[in-house]
Amino acid sequence: IGKKMLSYNESLKILKETKALLEGHFILSSGLHSKQYIQCAKLLSHPKKAEIICSSLCEKIKKNFSSIDVILSPALGGVLVGYEIGRQLGIETIFAERVDGKLVLRRNFELKSNSNVLIVEDVITTGKSAIECSSIVKISKANLLGFACIVDRSNENVTIKDKIISQIKFHIETFSEDNIPKDLKSITPIKPGSRNLSR
């Protein structure tokens, strides 16, 4: 595929085509409710379309970060995105997994001290998993270059202070349990997401 940066609308079109952008009533891993949900796994189930999105993200990564030694992703959502970005950029890619609720490196994965690490996620919302990955970088005495993701739907509540490079930035309105709009209350909520799976 030709390396080209996709526009916001082109990216949005692919997310809708692959049903990665869902409409309905969702309970997010934060406990908040929303009318939309990004399910990147649906995009990644279409390898050719995911390749196009990731290719565009790779171009942005190359513009913003130099000399990346290794890509680190949090399981589960970040693994495929990290792999595809690593494949296209020709960079070693590893992932962290939850053990007793905490992200750690397993499978003999390691970060060498002073290596330059880019953290790659599918979606960044609160930044919780990405921040946990950055702790692993710190403990390993490696250098954190920043963060990259397909969808950045963080807002002012995000805990990440470093640079986030995303393919598409998306604002999804969220509501607390006692503040759900009437039209949303009439739809049965579903609870997507993978954070609660390994508890």
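One structure accompanies this document, and this report is about it.

About the cut-offs
- Residues numbered from 1 in each chain as written.
- Predicted model: local features only at pLDDT ≥ 70, side-chain atom pairs only at ≥ 80, totals over all residues.
- Heavy atoms only, no water.
- Phe/Tyr/Trp six-rings, centres within 6.5 Å; stacked < 30°, edge-to-face > 60°.
- Helix = DSSP H or I, 4+ residues; strand = E, 2+ residues; numbered from the N terminus.
- Buried < 20%, exposed > 50% of the residue type's maximum accessible area, 1.4 Å probe, protein only.
- Core = buried A, V, L, I, M, F, W, Y, C linked by side-chain atoms within 4.5 Å.
- Arc of directions from axis to C-beta.
- Contact = heavy atoms within 4.5 Å.
- Axes fitted to C-alpha atoms, helices over the stretch in contact; angles between N-to-C directions.
- Parallel < 35°, antiparallel > 145°, perpendicular 65-115°, else oblique.
- Left-handed = near helix turned anticlockwise from the far one by under 90°.
- Pairing = 2+ DSSP bridges.

What follows covers the packing of aromatic side chains. Each aromatic ring pair is described using two quantities: the centre-to-centre distance and the angle formed by the ring planes. Tallied over the full model, the rule gives 2 aromatic pairs. Centroid distance Phe 26 to Tyr 37: 5.6 Å. Interplanar angle 35°. Geometry classified as tilted. Taken together, the positions of Phe 26 in strand E1 (residues 21-27) and Tyr 37 in strand E2 (residues 33-38) put the pair 11 residues apart, joining distant regions of the chain. Accessibility expressed as a relative area gives 2% for Phe 26, which makes it buried. Residues Phe 95 and Phe 109 carry aromatic rings whose centres are separated by 5.2 Å and whose planes lie at 75° to one another, so their mutual orientation is edge-to-face. Residue Phe 95 is located in strand E4 (residues 92-99), and its partner Phe 109 is located in the loop between strand E5 (102-105) and strand E6 (116-124); the two are separated by 14 residues in the primary sequence.

Moving on, we come to the nonpolar core. If you look at the biggest cluster of nonpolar residues, it comprises 32 residues, and the most contacted ones within it are Ile 38, Leu 43, Ile 61, Ile 85, Ile 150, Val 151 and Phe 170. For this core, the elements supplying multiple residues, two or more each, are helix H1 (8-17), helix H2 (40-44), helix H3 (47-64), helix H4 (77-89), E6, strand E7 (143-152) and strand E8 (164-169). No other element matches H3, which puts 6 residues into this core. Counting 18 residues, the second largest nonpolar core, distinct from the first, contains Val 70, Leu 72, Leu 111 and Ile 124.

Listing the buried residues of H1 in full gives Ser 11, Leu 12, Ile 14 and Leu 15. In a view along the axis of H1, the buried residues occupy a sector of 160°, so they form one face of it. Exposed residues lying more than 90 degrees from the buried face of H1 are Asn 9 and Lys 13. In this fold, the buried residues of H1 make contact with E1, H2, H3, E7 and E8. Immediately beyond the C-terminal end of H1, within one or two residues, lies Lys 19, with a positive phi of roughly 60°.

Attention shifts here to H4. Listing the buried residues of H4 in full gives Gly 78, Val 81, Gly 82, Glu 84, Ile 85, Gly 86 and Gln 88. Its buried side turned inward, H4 meets H2, H3, strand E3 (70-74), E4, E6 and E7. Two residues or fewer past H4, Gly 90 is found with a positive phi of approximately 70°.

To continue, consider the packing of H1 against H3. It is at 11 Å that the axes of H1 and H3 come closest, and there the two elements cross at 155°. When the axis of H1 is compared with that of H3, the two are roughly antiparallel. Remark: the crossing between H1 and H3 carries left-handed chirality. Contact residues: Ser 11, Ile 14 and Glu 17 in H1; Lys 49, Ile 52 and Ile 53 in H3.

What follows covers the pairing of E5. Within a regular strand, the side chains alternate between the two sheet faces. Both E4 and E5 contribute to a ladder of 4 bridges, which runs antiparallel. The residue bridging Arg 98 from the neighbouring strand is Leu 103, located in E5. In textbook terms, the turn of a hairpin is the stretch between consecutive antiparallel strands, and for E4 and E5 this stretch comprises 2 residues, one of which, Asp 100, has a positive phi near 50°.

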